[in-house]
Amino acid sequence: MLRPMSHDLIRGNSEKSEMRHMNGPVGPTGRVGIMRAGSPEFEGMVGRLRRHAAETPDRDAVLFFRGSAQDHAPERLDYAGLDRAARSTAAWLQTRCRPGDRVLLLHPQGLDLVKSFAACLYAGLAPVVVPVPGGQAHQAERTARIAVDCAAAVVLTDSVSLPDVETWLAEPGTPVLEFAVTDQGELAEPGNWTDPCSGPDDVAFLQYTSGSTSEPRGVVVSHANIAHNIGELTDALGWTAGMRFCGWVPMFHDMGLILTVLSPLHLGTTTVLMTATSFLKRPHMWLDLIDRYDIQVSCAPNFAYDLCARRLTDEQIARLDLSRWLCAANGAEPVDAATMERFAKRFAPSGFRYEAFAPAYGLAETTLLVSGTPTGRAPVLRQVDPQALEGHRLVPVGPQRDSVTLAGSGRVAGMDVRIVDPTSLDELSDGYIGEVWVRGASLTQGYWQRPEATERLFHAATTDDERGFLRTGDLGALLDGELFITGRIKEMLIIHGRNLYPHDIEREVGALDPAFEGRIASAFAVPGPDGRGEERLHHAPRRPARPAGRAAPGGFAAPGQPVHRPHPRTPTASNSASPMDPPRGPTS
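Residues numbered from 1 in each chain as written. Predicted model: local features only at pLDDT ≥ 70, side-chain atom pairs only at ≥ 80, totals over all residues. Heavy atoms only, no water.

1. So, the overall build of the protein
The cut-off we apply is this: Labels follow the DSSP assignment, with helices taken as runs of H or I lasting at least four residues and strands as runs of E lasting at least two, numbered in each case from the N terminus. For the exposure calls, accessible area comes from a 1.4 Å probe over protein chains only, and a residue counts as buried if that area is under 20% of its type's maximum, exposed if over 50%, partly exposed in between.
Along the protein, the regular secondary structure elements total 17 helices and 27 strands. Buried positions account for 55% of the 588 residues belonging to the protein.

As C-alpha cells, this is what we get:
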C-alpha cells in the first residue's frame, strides 16, 4: 500500500527596525503594473518569482509565526530561498510526473506549504492544497475522495505531518500514492530544473470546494486566471507596490491562497502569515502582527472582526497602532454593517479608520475577486425597506423609517456581472434582486472531471442569448454601481409567501439580548405537524451555558416556545442548541 521514495531522496542534507531588511528598497509607490493574460509579454507566477529572486533576492517573501508572536521569532523565507527550494523540488517532481499531473500538498500552514506550492508551478504541475488528515475520520475520508477525484500522482508533506500522512495512506479507501518529505534537505539539484514554459491557459492549480453538503469539486484555475484576478485585486482595492500583507486564513481557502499568499508574491512584496488556530485562540496576535510589521493589507471573514471587537481587552487595544492598516478586506461570508461599525469604534483609539474597511465579494469559481471596495473609500451602506426586500427589491428609505442596513460589496472589478431571475433567466434592472451571474477573464475553466456541472453552471445563457456566464447561486442586486449580496438561493426561507434571508434573522435575534451577542445561530423553516398546517420559522442560537438560577434571555422562552418580541422578520419559535460556542471560520 505505502510506497515512499528511497531514503536518500526523502532525507537530504527591535522588530520595527527589521522592516528595512524585510523589504529593502520597494520601488515606486504608484499602482503596480500587471501583465495581463493574452498580451505578448504575459508573465505567470513562475516568471514573476524568478524575476523577484534575481532583482531582490534578499527581500523577505514570507514570514511565518508558528506560535505566539511574543514568544517566537518568525520563520523567514526570502525570494532567493523560495526560488531555490522551488527549483529543487520541481526538478525532483519532473522526474516522477507528467506535465499537468496533480500533486496533493499535505502541509500545515507555513513556509513548507508555500515552497511546495511554488515547486508545483515551477514543475508545470497542478498543486492541490488539502488540510492534513489528522484524527478526524471525516477529514481523512474527504482527503481520500479528493486524492481519487484529482487522480493525484504524488504527495508532498513535511516531517511534522508525516505520521498522520502515513496513517492516512495505510487506511482502506486511500489510493496508493508515493510521497516525499520536503523539509529534510533538497530533493534534487536545483540546477536540474527545466522551465516548463506554462502557457496562460495551462492549469495552475485545483481549488477544492468544502464538500460539506456534496462531493468536493475541484475548481480548475489557469495561469491566466491568476494573473487577471490579481490585476483586478490590485486595481479594485487600490494596492500599491510598497504595501505589505498579513493573514491567517488557510491556503486551502481561496481567500488565504490568492489574497494573502499569491498576490504579495506576484507583486514582489512581503506577506506575514500565522495559523487559523493561533488566531482563534489569540485574536490579538493578528492585530499585533499588523502593528509590528507595518502591514497595509490584511483580509478576513466578517466573523474575525466581530471576534476581535469582543475578545480584545482595553489594555491590549491601548498597545496597538493600527493607523498604517489601509486595506481591511472583508469577505468570504456575508458582510455585516454593524460588525464593521463596532470594530471601527472599538479600535479607533488604536488609530484604525472606518475607511480602511474594504468589503468584497468573490468565489473560487472566479479565482477570487468579483467586486471590491477601493482603499480609502468608506464602505457603502444602504438603509432599505424590509417589505420591499422580501419582494426581492432594494428600495432605499430615510433613517426615520423602519429599515434594514445592507453593506455593499464594492464595485465590479473587470468582470461582466448581471443580475438574473433564476427561474425565468431574464436579466433584471438595477435595484431588483436576482442571481448573480459573472463572466470574464477571471472565470475559471470549470470543475475538474465534471463536464455536466461545468456546462450547467459555467456556460449559462440569459433569455436574450447572452452566453458564457457562471451561475453563482448567490442572490444580489446592483444599485448605483455597487453590488449588494443578500443571500444564497439555497438558503432562502419562504414563510407564508414572504422571502426571508436567514442571516438577517440570525443577526436581528442575536441583538435581542447581550447573551446572544456574537454567537453562532441558525434560522430555518419547519413544516407543520405531519407535514401539514402552518410552516414555522425557527431560530437555534448557540450560546454559553446559563448560570444556575438565571432566567432565559429577554424575549426568549424555553426551547420551542414562541418568541415574544414582535418584529416583521422575527421567527415564530426559538430553539436553544448546545451550550458550546465553536468558532466560526471561513469555508470555501
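Once you've had a look at it, read on.
2. Things to note about the side chain of N330
Going by this rule: Working rule for contacts: check all heavy atoms of both residues, and any pair within 4.5 Å makes them a contact.
Summarising the element assignment, N330 is placed in strand β13 (residues 327-330). When neighbours within four sequence positions are excluded, N330 is seen to be in contact with A300, P301, N302, Y305, V335, M340, A358, P359 and A360.

3. Observations regarding helix α6 (residues 137-149)
As a reminder of what qualifies: A helix is expected to span 1.5 Å multiplied by its residue count minus one.
With 13 residues, α6 extends 18 Å between its outermost C-alpha atoms, agreeing within 8% with the 18 Å of an ideal straight helix rising 1.5 Å per residue. Of the residues making up α6, those classed as buried are Q139, A140, R142, T143, A144, I146 and A147. In the core, the buried residues of α6 are packed alongside β4 (102-106), β5 (126-129), α7 (162-169) and β8 (203-208). Just downstream of α6, A151 is the residue with a positive phi angle, here 55°.

4. With respect to the packing of helix α11 (residues 283-292) against helix α12 (residues 302-311)
Test applied: Every angle, taken between N-to-C directions, lies between 0 and 180 degrees, and every axis is a line fitted to C-alpha atoms, over only the stretch in contact when it is a helix. When describing relative orientation, an angle under 35 degrees is termed roughly parallel and one over 145 degrees roughly antiparallel, while 65 to 115 degrees is termed roughly perpendicular and anything else oblique. Charged means Asp, Glu, Lys or Arg here, nonpolar means Ala, Val, Leu, Ile, Met, Phe, Trp, Tyr, Cys or Pro, and polar covers whatever is left, Gly included.
It is the contact of α11 with α12, at a shortest axis distance of 9 Å, that shows an interaxial angle of 100°. Judged by the angle between their axes, α11 and α12 are roughly perpendicular. Across the interface between the two elements, P283, W286 and L287 of α11 pack against A304, Y305, L307, C308 and R311 of α12. Grouping the amino acids of the contact of α11 with α12 by side-chain chemistry returns 7 nonpolar, no polar and 1 charged.

5. As for the pattern of salt bridges
Heads up, the rule is: Only one rule defines a salt bridge in this text: a Lys or Arg side-chain nitrogen within 4 Å of an Asp or Glu carboxyl oxygen.
Counting across every chain of the model gives 29 salt bridges. As a salt-bridge pair, R87 and D83 come within 2.9 Å of each other at their nearest N and O atoms. You can see R87 and its partner D83 sitting in helix α4 (residues 79-94), 4 residues apart, about one turn around the helix. For R377, the salt bridge identified is with E482, shortest N-O distance 3.3 Å. Within this pair, whereas R377 is found in the loop between β15 (369-372) and β16 (381-384), its partner E482 is found in strand β22 (residues 482-488), the two being separated by 105 residues in sequence. Overall, the relative accessible area of 2% leaves E482 in the buried class.

6. A look at the packing of aromatic side chains
Our working rule: Centre distance within 6.5 Å is the pairing criterion for rings of Phe, Tyr and Trp, where only the six-membered ring of Trp is used; planes under 30 degrees apart are then read as stacked, over 60 as edge-to-face, and the remainder as tilted. Two conditions define a charge located above a ring, namely a distance within 6 Å from the ring centre to NZ of Lys or CZ of Arg, and an angle within 35 degrees of the ring normal.
By the definition in use, this model includes 23 aromatic pairs. Summarising the aromatic geometry, the rings of W325 and F352 are spaced 5.3 Å apart at their centres and angled 65° between planes, so their arrangement reads as edge-to-face. Taken as a pair, W325 in the loop between α13 (314-318) and β13 and F352 in the loop between α14 (337-346) and β14 (357-362) lie far apart in primary sequence, 27 residues in all. A relative accessible area of 1% means that W325 is categorised as buried. Positioned above the aromatic ring of Y447 is the side chain of R217, whose terminal nitrogen or guanidinium carbon lies 4.3 Å from the ring centre.

7. Overview of unusual backbone geometry
Positive phi values are uncommon outside glycine, yet A151 reaches one of about 55°. Its place among the elements puts A151 in the loop between α6 and β6 (154-157). Classification of A151 as partly exposed rests on a relative accessible area of 44%. Phi angles above zero are rare outside glycine, and D294 is one such case at about 50°. Among the structural elements, D294 can be located in the loop between α11 and β12 (297-300). Classification of D294 by relative accessible area gives buried; the value is 14%.

8. Quick look at α11
Burial analysis of α11 places 10 of its 10 residues in the buried class, which makes it a mostly covered element. Along α11, the positions that sit buried rather than exposed are P283, H284, M285, W286, L287, D288, L289, I290, D291 and R292. One or two residues past the end of α11 sits D294, with phi positive at roughly 50°.

9. Quick word on the packing of α12 against α14
Rule in force here: Definitions for this section: a left-handed crossing has its near helix turned counterclockwise from the far helix by less than a right angle. A right-handed crossing has that turn clockwise.
With their axes 9 Å apart at the nearest point, α12 and α14 run at an angle of 40° to one another. Taken as axis vectors, α12 and α14 run oblique relative to one another. The handedness of the crossing between α12 and α14 is left-handed. Facing N302, Y305, D306, C308 and A309 of α12, the residues of α14 in contact are T339, R342, F343 and R346. Across the contact of α12 with α14, the residue classes tally to 4 nonpolar, 2 polar and 3 charged.

10. A few points about the confidence of the model for the protein
We count it as follows: A residue's pLDDT is the predictor's confidence in that residue, given on a scale from 0 to 100.
Across the protein, the average pLDDT comes to 82, with 74% of residues at 70 or higher. Long-range and interchain partners of residues 1-33, a stretch whose pLDDT sits below 50, account for 82 contacts in this model, where long-range means more than four residues apart.

11. Some thoughts on the sheet that holds β12
Counted only if it meets this: Any two strands are treated as partners once DSSP identifies two or more bridges connecting them.
A sheet is described by the order of its strands in space; here 9 strands give the open sequence β3-β2-β11-β10-β12-β13-β14-β15-β18, paired in mixed fashion. Since the sheet does not close on itself, it has two edges, and those belong to β3 (75-78) and β18 (411-412), each with one partner. For strand β2 (residues 60-65) and strand β11 (residues 271-274), the ladder comprises 4 bridges, and the chain directions are parallel. Opposite L63, over in β11, you have V272 as the bridge partner. Those strands touched by helix α5 (residues 111-123) are β2, β3 and β11, and its axis lies near 25° from that of β3. Contacting β13, β14 and β15, helix α8 (residues 223-237) runs over the sheet at an angle of about 5° to β15.

12. So, the sheet that holds strand β19 (residues 416-420)
Reading across from one edge, β19-β20-β21-β22 is the order of the 4 strands in this open sheet, with antiparallel pairing throughout. Looking at strand neighbours, the two that pair on one side only are β19 and β22, the edges of this open sheet. Neighbour to neighbour, the strand axes of the sheet diverge by 50° on average, direction disregarded. In this structure, β19 lies alongside strand β20 (residues 434-439), joined through 5 bridges in antiparallel fashion. Bridging from a neighbouring strand, V417 pairs with V438 of β20.

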